[in-house]
Amino acid sequence: MNENAQHSEILDALRSDNSSDIRDAAFSAGDQGVQEAIPLLCKHVKSPNVAVQEAAEYALRKIRGPQVVDALLPLLSSDDAPVRNVAMDILREIAPDSIESLQPYMHHEDADLRIFVTDILGYCRTQQACQMLCRALLKDPEINVRYQAAVSLGTQAFPEAVNALCQAMYDEEWVQFAVVEALAKIKDYSAVSAMVKLLSQASPLVSSAIVDALGDLGDVKSIPLLFSSLDNVKEALRHKIVKAIVQILGGRGLSLLAGKSKDRLRAYLLEALTDTDEDVLMATLQGLAAIGDESCGKPVIDLAARIDRERDAELYDKVVQTIAAIGYTSAMHDALHSNDEKYIIPTMDACHLMDDKHIVGDLKEIFWQVSPELQRMAISDLARLAGCADVPFFVTIMNDGDDAEVLKSALVFFGNQNSCADVDDLVFAQLDHRYVDVQEMALEACINLHSANLNERFKERAKSEDPMQRMMAIYALGRFSVTENLNEISAALEDESPRTRQVAVQAFQNLGTQAEDYLYLLLPRLHDDAKDVRIAVVELLGLMGSPSVLPHILEALNDEDEWVRIRAVEALGTHKVVDAVPQLAELFESSSPMVAQKIIEALGAIGGNAAFGVLLGLMDHEDPEVQHAAADAVAAIQAEQE
């Protein structure tokens, strides 16, 4: 069938009464670009059948061109809103094909038609469309057309429209609002002075839009003009101006303001704390964080007390950051001593962000009067900021406290006080605490203190009858110095407690590559009765990765425990041991799914022809998971070669 016959058949189907035939024909008309079908397709846009409508719309978008534009424009006069909307939507996409067709409609007596066409022109990113919109903005007698022209010029965002928009800035309020929003989108700084000049004369709605636009533009030249407007506007607008100034200058710029300007702005920032607009509050807090002083502490803390911490989490965090940025004030002192958690909690949260040692005295004074939750908050900051002079306070906590979290924070403090007297004995005593997590924190504190006295005491404890105490002692001695405590650590390799033997092996990790010098002590543990000890040895050998340890890692592939084998496989993959490929391939045949997965990953890491060949063979494995894993490993090898 030739093309003319096909088109004729499509047109006949479009003229039929069968919805299914019409729909199919519409799609075909669009795909084949049948120009003769345009009038019929425009007719079917009005169809009550949604499927037919959609097919007709599809076809018109596909065919497009001046003829489609001309055919759709009359539909803008339809009384049927859905039809009108479809026509507009298509024209927004294809109107650039024939801007000239829209020209007469810009002078049509029906204002609604002019509005529709002005809307469509906003989606035509051409200079011709921009010129048509500028004329409509300045000359059309209908306010809604002028409003839509301003909106469409903002959508286009052409700098060439700025002059016309500035001329329209003294139109009626509704147009002014659209003009300001358009200028904000265009972001042309030449409009700043015009907007500021209008600010004192405009309505509240337009003034608010101007201030928002100036803030978004971020032109420093508008700052003097904004400052001069602060005294002559209502409170709500003044708050917006303050927000714009903060937006434009930022924290660094605000801090550079001259003394009087800074004082004046600070006063307006404090006033803006009463605003209910979160954007205004966020900017206000940013400003106070930059230039706030002693006088700002209480108003900001008062705001923090009014905020729901969970519902307004972002705003609450900003307030806390601002309290901290302003620094320690008498208001913080008063809030901490207020006995009201609404004030205490945000102030403590701010303390957590500060390094001011003034906080220490206040937190110590209130510590025993506040709830356990607040005690935990307080002690974490005290542990960070307190010094030797505060040791008696922490001793009291260790003697009288029963909260594990508080005790652990106290031990963090002691672990950082290696210059304070009598700390060693106090911390060491907590190794026998009834709470295991307190014991563990005491152990870390002892290690942090790293004193010769504690080293000797751990040597003694390494001989304890309690396996837990021996294990902790060996751990500490390994952290202090493996070489200095080699006798005790070597003896621990033979300890009756598997956990102690494991920790003794792991101690050698602290030596890095030098651990290889002690292989004669470690290798016997490859045959330890406890799998965790054997795992620790293989992990250590894997960290070394030198040629001398590779035979021992290969030996571990035959271990009876799955996790020992896994650690050996991982080590071979990490160090790309090509010679291990045959053994890994052999091990795969008898491995569990988990070990098999690790072997595939290791082969992918090792790479090379041998590993590649093994993986290609596994891509035909009966298990789909093995197939996928092998395919991923092959892809990894190929990617590395590229």
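Residues numbered from 1 in each chain as written. Predicted model: local features only at pLDDT ≥ 70, side-chain atom pairs only at ≥ 80, totals over all residues. Heavy atoms only, no water.

Colleague: Residue-level account of the overall build of the protein, with values.
Modeller: Looking only at helices and strands, the protein features 40 helices and zero strands. A globule of 642 residues ought to have a C-alpha radius of gyration of about 26 Å, yet the protein, at 39 Å, is considerably larger. C-alpha extents for the protein along the principal axes are approximately 105 × 80 × 40 Å. When burial is assessed residue by residue, the protein has 52% of its 642 residues classed as buried. The long-range share in the protein, meaning contacts at least 24 apart out of those at least 6 apart in sequence, stands at 62%. Counting 54 positive and 102 negative side-chain charges, the protein places the averaged centre of each group 7 Å from the other. (Helix = DSSP H or I, 4+ residues; strand = E, 2+ residues; numbered from the N terminus. Rg over C-alpha atoms; globule rule 2.2 N^0.38 Å. Buried < 20%, exposed > 50% of the residue type's maximum accessible area, 1.4 Å probe, protein only. Contact = heavy atoms within 4.5 Å. Lys, Arg positive; Asp, Glu negative; His and termini not counted. Charge placed at Lys NZ, Arg CZ, Asp CG, Glu CD.)

Colleague: How would you explain a negative patch on the surface if you had to name every residue and give the values?
Modeller: On the surface, a cluster of negative charge is contributed by E278, D279, E314 and D317. Of all the secondary-structure elements, those providing two or more residues to the negative patch are α18 (278–291) and α20 (313–326). Along the chain, E278 turns up in helix α18. (Patch = residues over 30% accessible without salt bridge, like charges linked within 9 Å, V, L, I, M, F, W, Y side chains within 5 Å. Areas by Shrake-Rupley, 256 points an atom, 1.4 Å probe, with all protein chains shown as cover. Salt bridge = Lys/Arg side-chain N within 4 Å of Asp/Glu carboxyl O.)

Colleague: So what's going on with the side chain of D561? Which residues, and what values?
Modeller: You can see D561 is positioned in the loop between α35 (550–556) and α36 (562–574). The buried charged residue D561 lacks any salt bridge, with K531 as its nearest oppositely charged partner at 4.2 Å. In terms of polar contacts, D561 uses its side chain to reach the backbone amide nitrogen of W563, at 2.9 Å. For D561, the side chain forms a polar contact with the main-chain nitrogen of V564, separated by 3.2 Å. The residues contacting D561, other than those within four sequence positions of it, are K531, R534 and I535. (Polar contact = N/O pair within 3.5 Å; in protein donor to acceptor, adjacent residues only side chain to side chain.)

Colleague: With reference to specific residues and values, describe the environment of Y343.
Modeller: When you line up the elements, Y343 lands in helix α22 (residues 341–351). Separated by 41 residues in sequence, Y343 and D302 have C-alpha atoms that sit 7.4 Å apart. Not counting residues up to four positions away in its chain, the partners in contact with Y343 are I301, D302, A305, A335 and S338.

Colleague: Describe the pattern of salt bridges, listing the residues and the values that go with them.
Modeller: Think of it this way: side chains of opposite charge can pair up when their charged atoms draw near. Tallied over the full model, the rule gives 42 salt bridges. Residue D89 is joined to R92 by a salt bridge in which the shortest nitrogen-to-oxygen separation is 3.8 Å. With a gap of three residues between them, D89 and R92 both fall in helix α6 (residues 81–94), about one helical turn apart. A relative accessible area of 34% places D89 in the partly exposed class.

Colleague: So what's going on with the environment of L443? Residues and values would help.
Modeller: Locating L443 in the fold gives a position in helix α28 (residues 436–449). Take L443: its relative accessible area is 8%, and that puts it in the buried class. Spatially, the C-alpha atoms of L443 and V427 are 8.2 Å apart, while their sequence positions differ by 16 residues.

Colleague: Got a sec to walk through helix α29 (residues 452–461)? Specific residues and values, please.
Modeller: Given 3.6 residues per turn, any residue in an α-helix points the same way as the ones three and four places further on. Those residues of α29 that fall on the buried side of the exposure criterion are L454, N455, F458, K459 and R461. Buried residues along α29 cover an arc of 165° about the axis, so they all sit on one side. What points out from α29, more than 90 degrees from its buried face, is the exposed set A452 and E460. Where α29 is buried, its residues contact α27 (423–429), α28, α30 (467–480) and α31 (486–492). (Arc of directions from axis to C-beta.)

Colleague: Before we move on, could you go through the packing of aromatic side chains and cite the residues and values that matter?
Modeller: Applying the stated criterion across every chain yields a total of 13 aromatic pairs. An aromatic cluster is present here, built from F367, W368, F393, F394, F413 and F414 joined pairwise through their rings. Between the NZ or CZ atom of R434 and the centre of the ring of Y435, over which it lies, the distance is 4.8 Å. (Phe/Tyr/Trp six-rings, centres within 6.5 Å; stacked < 30°, edge-to-face > 60°. Lys NZ or Arg CZ within 6 Å of the ring centre and 35° of its normal.)

Colleague: Before we move on, can you summarise unusual backbone geometry with the specific residues and values?
Modeller: The phi torsion at R64 lies on the positive side, around 40°, for a residue other than glycine. Mapped onto the elements, R64 comes out in the loop between α4 (50–63) and α5 (66–72). The backbone of H450 sits at a positive phi, close to 50°, despite the residue not being glycine. Assignment of secondary structure puts H450 in the loop between α28 and α29.

Colleague: Describe helix α25 (residues 391–400), and please don't skip the residues or the numbers.
Modeller: Those residues of α25 not exposed but buried are V391, F393, F394, I397 and M398. Down the axis of α25, the smallest arc covering the buried residues is 160°, so these residues share one side. Exposed side of α25, more than 90 degrees from the buried face: P392, N399 and D400 are the residues found there. In this structure, the buried side of α25 is in contact with α23 (358–366), α24 (372–385) and α26 (404–415).

Colleague: Any details on the packing of helix α38 (residues 593–606) against helix α40 (residues 624–641)? Residues and values, ideally.
Modeller: For the pair α38 and α40, interaxial distance at closest approach is 8 Å and the crossing angle is 15°. With respect to α40, the element α38 is oriented roughly parallel. For the crossing formed where α38 meets α40, the hand is right-handed. Here Q597, I600, L603 and G604 of α38 lie close against α40, whose contacting residues are V626, A629, A630, A633 and I637. (Axes fitted to C-alpha atoms, helices over the stretch in contact; angles between N-to-C directions. Parallel < 35°, antiparallel > 145°, perpendicular 65-115°, else oblique. Left-handed = near helix turned anticlockwise from the far one by under 90°.)

Honestly, it's all geometry; don't read function into it.
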